[in-house]
Amino acid sequence: MTVSLEVAEGVGTLRLDRPPMNALDVATQDRLKELAEEATRRADVRAVVLYGGEKVFAAGADIKEMQVMDHAAMVLRARALQDSFTAVARIPKPVVAAVTGYALGGGCELALCADYRIAGDNAKLGQPEILLGLIPGAGGTQRLSRLIGPSKAKDLIFTGRQVKADEALALGLVDRVVPAAEVYEAAHAWAARLAQGPAIALRAAKEAIDTGLETDIDTGLAVERTWFAGLFATEDRERGMRSFVEEGPGKAKFI
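Presented here is an overview of the structure given in this document. (Residues numbered from 1 in each chain as written. Predicted model: local features only at pLDDT ≥ 70, side-chain atom pairs only at ≥ 80, totals over all residues. Heavy atoms only, no water.)

This part takes up a nonpolar patch on the surface. Residues I63, L132 and L134 make up a contiguous nonpolar surface patch of roughly 260 Å² in combined accessible area. With respect to the element layout, I63 can be found in helix α2 (residues 63-67). (Patch = residues over 30% accessible without salt bridge, like charges linked within 9 Å, V, L, I, M, F, W, Y side chains within 5 Å. Areas by Shrake-Rupley, 256 points an atom, 1.4 Å probe, with all protein chains shown as cover. Salt bridge = Lys/Arg side-chain N within 4 Å of Asp/Glu carboxyl O. Helix = DSSP H or I, 4+ residues; strand = E, 2+ residues; numbered from the N terminus.)

Put into structure tokens, the structure is as follows:
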């Protein structure tokens, strides 16, 4: 399989495994969607790590596969391409990308689908599609501009240039930089901590933030207050408040 889902102690690792560069061909895209939807359904998956291995996250789409596709073929495929990435972005649980080596084109777009990005000091990220006479097609024009702002996104997309980990951190494209050998460990620790948190409240927080970014503030506030009030029906809310009153903050054990 080109993508696998391994689950341990509440953390699901979505692992790309298509040597040597984890090129995202059609079969890999479809498998990614399938496993993202599985991670969404499974109660034993409380947080997710996206990982491409020690050497490379994903160097982009399979160019040889795309080269033979004409306009009609891509009209049929483009939605499925986006849907596979959207399935990752819509996992209603905390998702962290563990980025080593290249995360280019579709690889960068996949990292953008995570809630948080930890990069190795050997990472290189970018959207080089313009160098092929194309634009990003798996969400890059939308998610990148929302993450780092339109002018910075346009610079990366217009030029197709790659940025190293330190510049990616300065741009806000990644959130932490660690030694390359420690990337997965750091990402897994981030996910494992949140896997112990209140699952419904984390889902609510993610949906409220993501919905708010895609709509006007009044609609976003409506989503927020609906979730906020709804969480008062959960046992985790009762546990959290009782623990705070009796023991102080940060000691609640959620179910």
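Still to come is the rest of the account.
A full pass over the atoms with the stated rule returns three aromatic pairs. With centroids separated by 5.1 Å and ring planes inclined at 5°, the aromatic side chains of Y116 and W190 adopt a geometry described as stacked. With a gap of 74 residues between them, Y116 in strand β6 (residues 116-120) and W190 in helix α8 (residues 183-195) connect regions that are remote in the sequence. Classification of W190 as partly exposed rests on a relative accessible area of 22%. Look at F228 and F232: their rings are 5.6 Å apart centre to centre, the planes differ by 75°, and that puts the pair in the edge-to-face class. According to the relative accessible area criterion, F228 is exposed, its value standing at 56%. (Phe/Tyr/Trp six-rings, centres within 6.5 Å; stacked < 30°, edge-to-face > 60°. Buried < 20%, exposed > 50% of the residue type's maximum accessible area, 1.4 Å probe, protein only.)

This paragraph deals with the environment of R42. Examined against the element boundaries, R42 turns out to sit in the loop between α1 (26-41) and β3 (47-51). Under the relative-accessibility criterion, R42 is labelled partly exposed at 27%. Residues R42 and G10 lie 32 residues apart in sequence; the distance between their C-alpha atoms is 9.9 Å. The contacts of R42, once residues within four sequence positions are left out, are L5, V7 and K93. (Contact = heavy atoms within 4.5 Å.)

The next subject is the packing of helix α9 (residues 199-213) against helix α10 (residues 217-230). Contact geometry for α9 and α10: axes closest at 8 Å, N-to-C directions at 170°. Our classification of the angle between α9 and α10 gives roughly antiparallel. Only G220, V223, E224 and W227 of α10 make contact with α9, whose side of the interface consists of I200, R203, A204, E207, A208, T211 and G212. When the residues that make up the contact of α9 with α10 are grouped by side-chain class, the tally is five nonpolar, three polar and three charged. (Axes fitted to C-alpha atoms, helices over the stretch in contact; angles between N-to-C directions. Parallel < 35°, antiparallel > 145°, perpendicular 65-115°, else oblique. Nonpolar A, V, L, I, M, F, W, Y, C, P; charged D, E, K, R; others polar.)

What follows deals with the nonpolar core. If you look at the biggest cluster of nonpolar residues, it comprises 45 residues, and the most contacted ones within it are L50, F57, L125 and L173. At five residues, the largest contribution of residues to this core is made by helix α3 (residues 71-89). Leave out the neighbours within four places in its chain, and L173 touches C108, L112, R117, L125, L144, L147, I148, L156, V163 and A168. Membership of the second largest hydrophobic core comes to 14 residues, among which are V11, A98, Y116 and A195. (Core = buried A, V, L, I, M, F, W, Y, C linked by side-chain atoms within 4.5 Å.)

This part takes up the pairing of β6. Across the five residues of β6, five count as buried, placing the element largely inside the fold. With burial as the criterion, each face of β6 is covered, one bearing Y116, I118 and G120 and the other bearing R117 and A119. Sheet topology places strand β4 (residues 95-99) next to β6; four bridges connect them, and they run parallel. Paired with V96 across the two strands is Y116, which belongs to β6. Pairing between β6 and strand β9 (residues 176-178): three bridges, direction parallel. (Pairing = 2+ DSSP bridges.)

Where α1 meets α3, the closest approach of the two axes is 8 Å, and the angle between their N-to-C directions is 40°. For α1 against α3, the interelement crossing comes out left-handed. Where α1 abuts α3, its residues V26, Q29, D30, L32, K33, A36 and E37 lie against R77, L81, D83, S84, A87 and V88. (Left-handed = near helix turned anticlockwise from the far one by under 90°.)

No statement about biological role is implied by the geometric values presented.
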